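# Close look at the chain arrangement
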Amino acid sequence: MSKIALIGRDIEFTRSTLVHAAIGMAIGRSIECDVFDVKFDELKNTIDRLLETYDGFFVTKPYKTEMKRYLDCGSSVNLVRSADKAAFNTDGVGFIRALDGSFDDWRNRIKSALVLGAGGAAYSVASALIAEGKGVYVLNRSAINGVRLCKTTGAKLYSNEPCEMIVNCTPLGENGEDVLKALCVLPDFKYAFDLVYRNDGRTPFLRRCGACGAQTCDGSDMLIYQAIEGDRLLFGDDFDEKRVFEFVTEYLKNEV
């Protein structure tokens, strides 16, 4: 049995245990994923324990940018492999693959994107889009954190520049919050991507953007793709990613 974990805060809603179990079924590996809802003052001890007892662990909000305090790693981490303490971020890969699956020809149709938020996921999304040659603007409630993200990734602070796509990288929406209202942004974009995912696939953010004519996508596919890439890095298995993605997607539909 391969043992992995997910650490974060207020993550009781997560579907990661199901996702990794399904990946294991698809690739012929038994994967057990435990979830650790960790307070800030428990983080170091939890990391030390996971490094000793698990094959690796995934990291979610709000700790992706905290890992650099405890490991030799970059600005945002969502995966740690215990054997060599190697740190990775598969969010960017998952995000781009989700875009490919949801928006036809987006690379030719999108010149710039507005990223909402400045947490760990925002670093990954901004970096991935910039690597694809896209302009990236950042809007965050804390200007200091927004500036820090821009300096690290090469993005720019948003001041009403025209953008074809908007990406919600904040957790607003998990409990029905409206991130557009919170950040005073109009929903007039051609494409809208929400890293938040809900069973109905329609966060307030996506409903408002969709009502204004945007093509929309939530974070469900990204969750699966980043997990697939993460398990590949942890275990070194060689498998058909498309087949595994289709298996996991179907499995989750039956588990709703």
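Residues numbered from 1 in each chain as written. Predicted model: local features only at pLDDT ≥ 70, side-chain atom pairs only at ≥ 80, totals over all residues. Heavy atoms only, no water.

Further remarks concern the layout of surface pockets. Taken as a whole, the largest pocket holds about 1100 Å³ of empty space. Together, 44 residues line the largest pocket, and Lys61, Lys64, Gly120, Ala121 and Cys169 are the ones closest to its centre. Listed by contribution, the elements that provide at least two residues to the lining of the largest pocket are strand E3 (56-59), helix H5 (120-131), helix H6 (143-153) and helix H9 (220-235). A class-by-class count of the residues in the lining of the largest pocket yields 20 nonpolar, 16 polar and 8 charged. (1 Å grid on protein atoms, 1.4 Å probe; cavity = no way out; pocket = protein on both sides within 12 Å on 5 of 7 lines; lining within 4 Å. Points joined across faces, edges and corners; volume = space filled by probe spheres on them. Helix = DSSP H or I, 4+ residues; strand = E, 2+ residues; numbered from the N terminus. Nonpolar A, V, L, I, M, F, W, Y, C, P; charged D, E, K, R; others polar.)

A few words now on unusual backbone geometry. Geometrically, the link from Lys61 to Pro62 is a cis peptide bond, its omega value of 0° lying close to zero. Along the chain, Pro62 turns up in the loop between E3 and strand E4 (79-81). For Lys85, which is not glycine, the phi dihedral falls at a positive 55°. Looking at the secondary structure, you find Lys85 in the loop between E4 and strand E5 (86-88). Note on Lys85: relative accessible area 51%, which makes it exposed. Of note in the backbone geometry, Cys184 takes a positive phi value of approximately 60° without being a glycine. Its place among the elements puts Cys184 in the loop between helix H7 (179-183) and strand E10 (191-194). (Buried < 20%, exposed > 50% of the residue type's maximum accessible area, 1.4 Å probe, protein only.)

Within the open sheet, the 5 strands sit side by side as E2-E1-E3-E4-E5. Their pairing is mixed. The open sheet terminates on both sides in strands that have one partner only, identified here as strand E2 (31-37) and E5. The average angle at which neighbouring strand axes cross in this sheet is 20°, direction not considered. Pairing analysis gives 3 bridges linking E4 to E5, with the strands arranged antiparallel. Each bridged residue has a counterpart across the sheet, and for Leu79 the counterpart in E5 is Phe88. Here helix H1 (residues 16-27) sits on the sheet in contact with strand E1 (2-8), E2 and E3, set at roughly 165° to E2. Where helix H2 (residues 43-53) meets the sheet, its contacts fall on E1, E2, E3 and E4, and the angle it forms with E1 comes to roughly 170°. (Pairing = 2+ DSSP bridges. Axes fitted to C-alpha atoms, helices over the stretch in contact; angles between N-to-C directions. Contact = heavy atoms within 4.5 Å.)

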